[in-house]
Amino acid sequence: MRLPLYLIGFMGSGKSYLGKRWAEALHLPFLDLDTYIEQRTQKTINELFDFYGEVNFRAFETQMLKEITKAQPQTIIACGGGAACFNNNILFMNEQGTTIYLQATANTLVKRLENEKMNRPLIKNISTDALPPFIVLKLEQREVFYLQAQKVFSVESLLNMSLEEQIALIHE
Ligand code: S3P
């Protein structure tokens with residue numbers, strides 16, 4: 001498998017959770033792109049959206065995706081949910097390493113995100129009622145990019161597998 005291994009997918013799809021487990025099992029370092037951005041800018045993702053707006057956030061995100069790819073290529077990288085969908089980043093990642101789309105159904109995402117909105121600027125002000133249609137629409141728009149990944153794994157299926165089975169799938 002060519003490194004870095006980029007995990008992409010919607011907010012709440014488990015990119016950081018699975019990425020950490022896989023990194024440990026494969027004895028590779030793990031990096032979370034959002035955490036890296038927060039450390040590098042000394043601002044939270046919420047603050048970056050508030051102060052600079054989404055367009056500027058996407059520019060930072062792209063710059064830092066390129067920066068960590070160059071500085072730490074032997075890594076598993078959990079990308080923020082939008083990272084693959086802007087500035088041709090999916091093409092860059094496909095060129096540099098291996099991309100895996102963690103595909104979750106809108107139902108799963110709604111359940112997971114209902115109580116995890118606060119640190120996520122795109123959904124923090126969306127009411128519980130408005131969240132399901134928002135996710136359905138956003139997911140549909142984003143799958144155009146996510147489905148360009150080299151591998152697509154169903155999150156619901158992954159969670160019924162042992163860690164060994166998950167790792168075997170990565171190596172297929
Ligand atoms: C975003 C997802 C977030 C974070 C930011 C924007 C998105 O990351 O990068 O809030 O556009 O989907 P997670 O997918 O880790 O929540």
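Data block above holds the structure.
Here the residue numbers are simple positions, counted from 1 along each chain's written sequence. Local features in this predicted model are restricted to residues of pLDDT 70 or higher, and side-chain atom pairs are both shown and tallied only at a pLDDT of 80 or more, whereas totals for entire chains, interfaces and linings draw on every residue. As a convention, hydrogens and water are excluded, and side-chain values are obtained from all of the structure's heavy atoms.

S.K.: Any chance you could explain the pairing of strand 5 (residues 151–154) here in plain terms?
M.R.: Residues in a regular strand project their side chains so that they alternate between the two faces of the sheet. Three labels apply to residues, based on accessible area from a 1.4 Å probe with only protein chains included: buried if under 20% of the type maximum, exposed if over 50%, partly exposed otherwise in between. For the purposes of this entry, the term helix denotes a DSSP run of H or I that reaches at least four residues, the term strand denotes a run of E that reaches at least two, and both are numbered from the N terminus. Here strand 5 shows a clear split, with Lys151 and Phe153 buried on one side and none of Val152 and Ser154 buried on the other. Where strand 4 (residues 98–103) lies against strand 5, four bridges are found, and the strand directions are parallel. When the sheet's bridge partners are listed, Tyr101 is paired in strand 5 with Val152. Note on pairing: two strands pair once DSSP finds at least 2 bridges between them.

S.K.: Help me understand the sheet that holds strand 2 (residues 30–32) in this model?
M.R.: Adjacent strands of a sheet pair through backbone hydrogen bonds, lying either parallel or antiparallel. Spatial ordering of the open sheet is given by 2-3-1-4-5, a layout of five strands whose pairing is parallel. Since the sheet does not close on itself, it has two edges, and those belong to strand 2 and strand 5, each with one partner. Each neighbouring strand pair of the sheet contributes to a mean axis angle of 25 degrees, computed without reference to strand direction. Pairing between strand 2 and strand 3 (residues 76–78): three bridges, direction parallel. By the bridge assignment, Leu31 is partnered in strand 3 with Ile77. Against the sheet, helix 4 (residues 89–96) touches strand 1 (5–8) and strand 4, its axis set at about 150 degrees to strand 1. Interaxial angle, 0 to 180 degrees, is taken between N-to-C directions of lines fitted to C-alpha atoms, where a helix line uses only the stretch in contact. Whether two residues are in contact is decided by their heavy atoms, any of which lying within 4.5 Å being enough.

S.K.: What is the right way to look at the site of the ligand in this model?
M.R.: Note on terminology: near, applied to a residue and a molecule or strand, indicates that one of the residue's heavy atoms is within 4 Å of it. All residues in the neighbourhood of the ligand are listed as Met11, Lys15, Asp34, Ile45, Arg58, Gly80, Gly81, Gly82, Arg120, Pro121, Leu122 and Arg142. In protein, a polar contact means a hydrogen-donor-capable atom and an acceptor-capable atom, both N or O and within 3.5 Å, with residues adjacent in sequence counting only if both atoms are side-chain atoms; elsewhere, any N or O pair within 3.5 Å suffices. The side chain of Arg58 places a nitrogen or oxygen atom 2.7 Å from an oxygen atom of the ligand. Residue burial considers only the protein chains on display, and all accessible areas are found by Shrake-Rupley using a 1.4 Å probe. For the ligand, the accessible surface in isolation is 380 Å², of which the surrounding protein chains cover 93%.

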